[in-house]
Amino acid sequence: MNIEFEYRPGSTAVKITLDAQESITAEGGAMIAMSPNMDIQTTTQKNKGGGGGLLSGVKRMFAQESFFFNHFTAKDHSGTIYLGTSLPGDMINLELTGKKIFVQGGSYVASSADVHMETRWQGAKNLLSGESLFWIELSGHGNAIINAFGVIYPIDIDGEYIIDTGHIVAYEEGLNFTLSKAGSSWMSSILGGEGIVCLFKGKGRIWCQSHSSTTFGQQITPHLKAIKK
Amino acid sequence: MEHHKFEYTIEGAPDYAFVEVKLPQNETLKVEASSMATMDTNLEMKTKMKGGLSRFLSGESIFINEFTARNGSGRIGIAPSMPGDIKHLHLDGGQVVYLQNSAYLASGVNVVVETKFQGLMKGFFSGEGLFLIKCSGTGDLFFNSYGAIIELDVNDGYIVDTGNIVGFTEGLEYDITKVGGYKSLFLSGEGLVAKFRGSGKIWIQTKKVSPLIYWANPFRPQKGS
């Protein structure tokens, strides 16, 4: 499998070249174009023929991802497929080497056949943080492609680090976060416009996005046509 | 008829492309209505209705403006309505290019711009309107996209999401079809695709407009009752 990114970071597409019989799993709707020798299977669960079924499908809907995955397989000879992002932004490839990676709901694009995927309920703290209620847990060995709103940049943490809600794309196993306040008091945090932030602890890498789609969406709200009740 | 290749510079590609064209004296450039951003004062503008009713139906504005340099050369800066890429081609008289109905940006006067009815099934189901814009003749042609433009050299066909087609060359035929089996049609999220046959070039855009609209919808304000 060859993975090539084009036009990063503003108009990113990824071109994936598969050998004959090789497969890639992608988020529903991500395919821009492909060679005609691709076979497509649509399932609710990442792993072909695996369990999960409807419940994991519903879980994924809450994770702001499409309900279904498409498995693309190059049939008789090698094939190409282009995948895109839904919002303008960056894409990167994460190479999984056994360490788990947690991806924010909505940031998953695609993964190779040996990467295992599960949706994880993160509890009520995510409701407050403005992040998705679900994270996608990736494990195993292989490639995982993630996207973001804006540019993706990594930060290596050893100890503690604060990331504003809405800017987390993915983080490695070994890190954990709790909700915290940006300022010295709750009052200054809220008046300062920073509100609630995520306090990460541990050792590992976190991938951030330069912009928060939620903040941008709130900015354009006054310019959008109102929904009649 | 003699014609000139225009000097041009495209800047800001692929995220925010705009093009500046230098017109020699008495040369004319046709530009999609409302796309002129800047120009020299010696450029004369005429508004022409091109293609009549069918162009109106194609979803493009029915007006193309013609800019002519008088008393010397002049520059015109053209900015498409969507943030994205611009592609330039020079048609040599033998080539025919089909553009998705909002991709046309500008062309020389000897480029023939027509709307082509795609047939009800092809047009309606593709979600991209019933018409393609057919460009033939001789001269410079500029077209634009939402997102970056990727040029595909196709020899034995290719499949493209209907929302990602910018244009393609004559010699390619397409059918609107589903990806995979019937389950994939309704559940895959890929909707319908254009299945191209034959050989030629296809230009695709890296972004689609519909997911942006889908994303913005939850941010719409509620009209208070």
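Report on the accompanying structure. (Residues numbered from 1 in each chain as written. Chains lettered and ligands numbered in written order. Predicted model: local features only at pLDDT ≥ 70, side-chain atom pairs only at ≥ 80, totals over all residues.)

Turning our eyes to something else, we now look at the pairing of strand E14 (residues 158-161) of chain B. Regular strands show a simple pattern: their side chains alternate between the two faces of the sheet. Residues B:Tyr158 and B:Val160 line one face of E14(B) and the alternating positions B:Ile159 and B:Asp161 line the opposite face, and both faces are buried. Looking at chain direction, strand E4 (residues 31-34) of chain A and E14(B) are connected through two bridges and run antiparallel. What sits directly across from A:Ala33, in E14(B), is B:Val160. (Buried ≥ 20, exposed ≤ 12 C-beta atoms within 10 Å, placed from the backbone. Helix = DSSP H or I, 4+ residues; strand = E, 2+ residues; numbered from the N terminus. Pairing = 2+ DSSP bridges.)

All right, on to the interface of chain B and chain A then. On the side of chain A, 35 residues touch chain B, which itself brings 34 residues to the contact. Every element with two or more residues in the side of chain B that touches chain A is listed here: strand E13 (149-154), E14, helix H3 (182-187), helix H4 (210-216) and strand E19 (222-223) of chain B. When the residues that make up the side of chain B that touches chain A are grouped by side-chain class, the tally is 16 nonpolar, 10 polar and eight charged. (Contact = placed C-beta atoms within 7 Å. Nonpolar A, V, L, I, M, F, W, Y, C, P; charged D, E, K, R; others polar.)

All names here are of chain B. Judged by pairing direction, the sheet is antiparallel, and its four strands sit side by side in the order E1-E2-E7-E4 without closing on themselves. The sheet is open, and its two edges are formed by strand E1 (7-11) and strand E4 (36-39), each paired on a single side. Here the average twist between neighbouring strands, direction ignored, is 20°. One ladder, built from five bridges, connects strand E2 (residues 18-23) with strand E7 (residues 74-78); its direction is antiparallel. Pairing of Val19 across the sheet is with Ile78, part of E7. (Axes fitted to C-alpha atoms, helices over the stretch in contact; angles between N-to-C directions.)

Bringing the nonpolar core into the picture now. Ranked by size, the top nonpolar core spans 99 residues in total, and within it A:Leu83, A:Ile146, B:Leu99 and B:Val160 carry the most contacts. For this core, the element with the highest residue contribution is strand E12 (residues 131-144) of chain B, accounting for seven residues. The contact partners of B:Leu99, leaving out residues within four places of it in the chain, are B:Tyr104, B:Leu132, B:Ile133, B:Cys135, B:Phe143, B:Val166 and B:Gly167. (Core = buried A, V, L, I, M, F, W, Y, C linked by C-beta atoms within 7 Å.)

Turning our eyes to something else, we now look at the environment of A:Ile40. If you trace the backbone, A:Ile40 turns up in strand E5 (residues 38-43). Note: C-alpha distance between A:Ile40 and A:Gly28 (12 residues apart in sequence) is 11 Å.

A separate point is unusual backbone geometry. Cis geometry is adopted by the peptide bond preceding A:Pro9, which originates at A:Arg8 and carries an omega value of -10°. Residue B:Pro14 is reached from B:Ala13 by a cis peptide bond, and omega for that bond is 0°. Take B:Pro14: it is sitting in the loop between E1 and E2. Notably, A:Tyr7 is not glycine yet its phi reads approximately 60°, a positive angle. A:Tyr7 gets classed as partly exposed once you count the C-beta atoms within 10 Å, which come to 19. Even without a glycine there, the phi angle at B:Ser34 is positive, about 70°. With respect to the element layout, B:Ser34 can be found in the loop between strand E3 (28-32) and E4.

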